[in-house]
Amino acid sequence: MKQTLLFTFLIATSAFSQQAVEQKEVSTTFEYTDQVSRKIEEVKSLPPKDYLSKINSYRDVVEEYINHKKRVCSGEFSTIILGSKGLNTEETKKIRLSPEERELCFRELKALQINFVNNMFAARKKYLEYVHEKRIEELSKAREEALGSIHSTFSKSKLRTRK
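Residues numbered from 1 in each chain as written. Predicted model: local features only at pLDDT ≥ 70, side-chain atom pairs only at ≥ 80, totals over all residues. Heavy atoms only, no water.

Asker: Just to check I follow, could you spell out the overall build of the protein for this structure?
Answerer: What the protein contains, in helices and strands, is six helices and two strands. The order of helices and strands in the protein, counted from the N terminus, is α-α-α-α-β-β-α-α. Classification of the 163 residues of the protein by burial places 25% in the buried group. Counted over contacts in the protein with a minimum sequence separation of 6, partners at least 24 positions apart contribute 62%. (Helix = DSSP H or I, 4+ residues; strand = E, 2+ residues; numbered from the N terminus. Buried < 20%, exposed > 50% of the residue type's maximum accessible area, 1.4 Å probe, protein only. Contact = heavy atoms within 4.5 Å.)

Asker: What am I meant to see in the packing of helix α4 (residues 51-74) against helix α5 (residues 99-153) here?
Answerer: Between two packed helices, the angle of one axis relative to the other and the distance separating the axes together describe the packing. Packing of α4 against α5 brings their axes to within 10 Å, and their N-to-C directions diverge by 170 degrees. Judged on the interaxial angle alone, α5 and α4 are roughly antiparallel. Note on element contacts: α5 touches α4 through Arg-102, Cys-105, Phe-106, Glu-108, Leu-109, Leu-112, Gln-113, Phe-116, Met-120, Ala-123, Arg-124 and Tyr-127, opposite Tyr-51, Leu-52, Ile-55, Arg-59, Val-62, Tyr-65, Ile-66, Lys-69, Lys-70, Val-72, Cys-73 and Ser-74. For the contact of α4 with α5, the per-class residue count stands at 16 nonpolar, two polar and six charged. (Axes fitted to C-alpha atoms, helices over the stretch in contact; angles between N-to-C directions. Parallel < 35°, antiparallel > 145°, perpendicular 65-115°, else oblique. Nonpolar A, V, L, I, M, F, W, Y, C, P; charged D, E, K, R; others polar.)

Asker: Explain the pattern of salt bridges here, please?
Answerer: Oppositely charged side chains may form a pair once their charged atoms are brought near each other. According to the stated counting rule, one finds eight salt bridges in the structure shown. Note that Lys-69 and Glu-108 form a salt bridge whose closest N and O atoms lie 3.3 Å from each other. You can see Lys-69 sitting in helix α4 and its partner Glu-108 sitting in helix α5, a full 39 residues away along the chain. By relative accessible area, Lys-69 is classed as buried at 7%. Exposure remark for Glu-108: the relative accessible area of 41% places this residue in the partly exposed category. Between Arg-143 and Glu-144 there is a salt bridge, with the nearest N and O atoms lying 3.2 Å from each other. Residue Arg-143 is classed as exposed on the basis of its relative accessible area of 52%. What makes Glu-144 partly exposed here is its relative accessible area of 47%. (Salt bridge = Lys/Arg side-chain N within 4 Å of Asp/Glu carboxyl O.)

Asker: Can you help me understand α5 in this one?
Answerer: Given 3.6 residues per turn, any residue in an α-helix points the same way as the ones three and four places further on. With 55 residues, α5 should reach 81 Å at 1.5 Å per residue; the first-to-last C-alpha distance of 79 Å fits that figure. Looking at α5, one finds that the buried residues are Glu-101, Cys-105, Leu-109, Leu-112, Phe-116, Asn-119, Met-120, Ala-123 and Tyr-127. (Expected span 1.5 Å × (residues − 1).)

Asker: How should the packing of aromatic side chains be read in this particular structure?
Answerer: Remark: the centre distance and the inter-plane angle together describe each pair of aromatic rings, the angle taken between the planes. All chains considered together, the criterion is met by two aromatic pairs. Taken together, a centroid distance of 5.8 Å and an interplanar angle of 55 degrees make the contact between Tyr-32 and Tyr-65 tilted. You can see Tyr-32 sitting in helix α3 (residues 29-44) and its partner Tyr-65 sitting in helix α4, a full 33 residues away along the chain. Considering the side-chain rings of Tyr-51 and Tyr-127, the 4.8 Å spacing of their centres and the 20 degrees angle between planes classify their relative orientation as stacked. Taken as a pair, Tyr-51 in helix α4 and Tyr-127 in helix α5 lie far apart in primary sequence, 76 residues in all. For Tyr-127, a relative accessible area of 14% gives the class buried. (Phe/Tyr/Trp six-rings, centres within 6.5 Å; stacked < 30°, edge-to-face > 60°.)

Asker: Can you help me understand the nonpolar core in this one?
Answerer: Where a protein is soluble and globular, its nonpolar side chains tend to be buried together. Among the nonpolar cores identified, the biggest contains 17 residues, and Val-36, Ile-40, Val-43, Tyr-51, Ile-55, Val-62 and Phe-116 are the most heavily contacted of them. Going through the elements one at a time, α3, α4 and α5 are the ones with two or more residues in this core. Discounting chain neighbours no more than four positions away, the residues touching Phe-116 are Ile-40, Val-43, Arg-59 and Val-62. (Core = buried A, V, L, I, M, F, W, Y, C linked by side-chain atoms within 4.5 Å.)

Shown next, in the form of structure tokens:
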């Protein structure tokens, strides 16, 4: 059963891994899953300066993977087990995920999504803190310019020349 499950998972995700191979030259589904996991981990350490320019590419990769994983977990894919004489309609069986396997698949998907949301939160928080810091600096600079302008307007030497 474990061999059948592994074979089912490999076949079920092969179409998606072929897309990944075209995009990133990834050779197996497991490597693609690992690559997506690494992308999710990279999100939380994304430099605030690069947040706006790079976050959509991370989001697109992860959302594409999640959509495919949902299809795998819902049983849209099946595995064909060949009989001893090859492809024979009587001996050919379509294997779908058992309820326990589906539950495990959805748990993995849930964990991946939770991790992604938490890392997106961390990245967004760092970005907002960065933007806030820049705005505070701009506000301080504007304040200093305004105070300098007021001081120069009301300096004693200028007041004497006006009299």
